[in-house]
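Okay, here's what each chain looks like letter by letter:
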Amino acid sequence: MSQQDNQTSGRLPVSAGLILGLLCFLWGVQSVSIKFSNQGMPPLMAAALRSLVAGVLVWAYARMKDRRVAFPTGQTRHALMIGLLFGLEFLFLYWGLVFTLVSRSLIFLYTHPFWVALGAHFLLKGDRLTPAKLFGLLLAFGGVAAVFQARSPKLPPLYWVGDLMELSAAISWAATTLYVKHITEKVSLDHYKTLFAQLIYSIPILTLGSVLFELPADLDLNLLVLASLFYQSVVVAFVSYLVWFWLIHRHTVSRLAAFTFMTPLFGVILGGFVLDEPVTLLVWIGLACVAGGLYAVNR
């Protein structure tokens, strides 16, 4: 099936599904690596550093491929908007964790596919919210909720503040996805330009957040912290995001977003092996629900 056929029918080829599965696994590993990097560097500072390192790598790789990363003349406002939305996403994500639990934050963050599917229905041509899509998304989200229902830690006093921040992060993430897809229907952009704008123009927002909320900070850049920062910067922010935006430019965005439900499941399972967190029967039930939801969305 050609790229145009995929865009028209909304179907994802098997190769795209496999790539998305790998991306979700890498993003699940990231949630574990952030716990390690937080031991030696404040999270917003790490997020700003990650964007800087990955932005330089994207620029260098694009130069090697003889590709430009700057937006076309007169379209800089789109680059600024992409960077703003991405910066807000990670600002809310990391700051929200000060007030709420990691398990709750992931549930709210991964409402992202709901906002993408809803927004695509009204904003994007040929990406309508059908009953099958809605059923699949609800089933997949039910699987994620089942996984985290296995945990019942005591909630912090201001947990609702963190919950609202994580929900804002999910909406910012969805807005970025929809905005990129929307402008690519009108402006000739590739994934190099999209990712470079997302990384570079988010640095001022993340840096300002770090200055306001994290400084002065004590740094402990041991080998484990540096390895975690390398993974977040090179593997995730550079390689995996480049592939993600490459997929966004080629396939219907609501079906791509549905696969992101797999990320928190990978994170919980990896947490069980790496961090000795409990992996209960509800995890496997949740995984089955996610698989069923993905089938319903993409059949």
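The paragraphs below set out a description of the structure included in this document. Fair warning: this is a prediction, and the values are worked out from it, not measured in the lab.

### Some remarks on the overall build of the protein
Consideration 1: When its secondary structure is counted, the protein shows 14 helices and 0 strands.
Consideration 2: The helix and strand sequence of the protein, counted from the amino end, reads α-α-α-α-α-α-α-α-α-α-α-α-α-α.
Consideration 3: Relative to the 2.2 N^0.38 estimate, which gives 19 Å for 299 residues, the radius of gyration of the protein is 19 Å and therefore close to what a compact globule would have.
Consideration 4: Taken over the C-alpha atoms alone, the protein extends approximately 50 × 45 × 30 Å along its principal axes.
Consideration 5: Within the protein, the fraction of its 299 residues that count as buried is 52%.
Consideration 6: When contacts within the protein are restricted to residue pairs at least 6 apart in sequence, those whose partners lie at least 24 apart make up 91%.
Consideration 7: By element, 69% of the accessible surface of the protein is carried by carbon and sulfur atoms, the whole surface being about 13900 Å².
Consideration 8: For the protein, the centre of its 20 positive side-chain charges and the centre of its 13 negative side-chain charges are spaced 12 Å apart.

### Concerning helix H10 (residues 203-213)
Residues spaced three or four apart along an α-helix point in a common direction, a consequence of the helix completing one turn every 3.6 residues.
Consideration 1: Of all the residues in H10, the buried ones are Ile-203, Ile-205, Leu-206, Gly-209 and Ser-210.
Consideration 2: Summarising the contacts, the buried residues of H10 are in contact with helix H3 (43-64), helix H4 (76-96) and helix H9 (191-200).

### Notes on the packing of aromatic side chains
Consideration 1: Across all of its chains, the model carries 7 aromatic pairs by this definition.
Consideration 2: Put simply, the rings of Trp-27, Phe-86, Phe-90, Tyr-241 and Trp-244 touch in pairs and so form one group of aromatic residues.

### Some details on the environment of Tyr-94
Consideration 1: With respect to the helices and strands, the residue Tyr-94 is situated in helix H4.
Consideration 2: For Tyr-94, a relative accessible area of 7% translates into the label buried.
Consideration 3: For the pair formed by Tyr-94 and Gln-232, sequence separation is 138 residues and the distance between their alpha carbons is 14 Å.
Consideration 4: Not counting the four nearest positions on each side in its chain, Tyr-94 is found in contact with Ile-34, Pro-43, Leu-44 and Ala-47.

### A look at the packing of helix H2 (residues 14-37) against helix H11 (residues 223-248)
Consideration 1: Remark: H2 packs on H11, axes separated minimally by 9 Å, with the N-to-C direction vectors making an angle of 155°. Taken as axis vectors, H2 and H11 run roughly antiparallel relative to one another. When the axes of H2 and H11 are compared, the crossing they make is left-handed.
Consideration 2: Looking at the contact of H2 with H11, its residues break down into 20 nonpolar, 6 polar and no charged.

Reading guide: rules and limits
- Residues numbered from 1 in each chain as written.
- Predicted model: local features only at pLDDT ≥ 70, side-chain atom pairs only at ≥ 80, totals over all residues.
- Heavy atoms only, no water.
- Helix = DSSP H or I, 4+ residues; strand = E, 2+ residues; numbered from the N terminus.
- Rg over C-alpha atoms; globule rule 2.2 N^0.38 Å.
- Buried < 20%, exposed > 50% of the residue type's maximum accessible area, 1.4 Å probe, protein only.
- Contact = heavy atoms within 4.5 Å.
- Areas by Shrake-Rupley, 256 points an atom, 1.4 Å probe, with all protein chains shown as cover.
- Lys, Arg positive; Asp, Glu negative; His and termini not counted.
- Charge placed at Lys NZ, Arg CZ, Asp CG, Glu CD.
- Phe/Tyr/Trp six-rings, centres within 6.5 Å; stacked < 30°, edge-to-face > 60°.
- Axes fitted to C-alpha atoms, helices over the stretch in contact; angles between N-to-C directions.
- Parallel < 35°, antiparallel > 145°, perpendicular 65-115°, else oblique.
- Left-handed = near helix turned anticlockwise from the far one by under 90°.
- Nonpolar A, V, L, I, M, F, W, Y, C, P; charged D, E, K, R; others polar.

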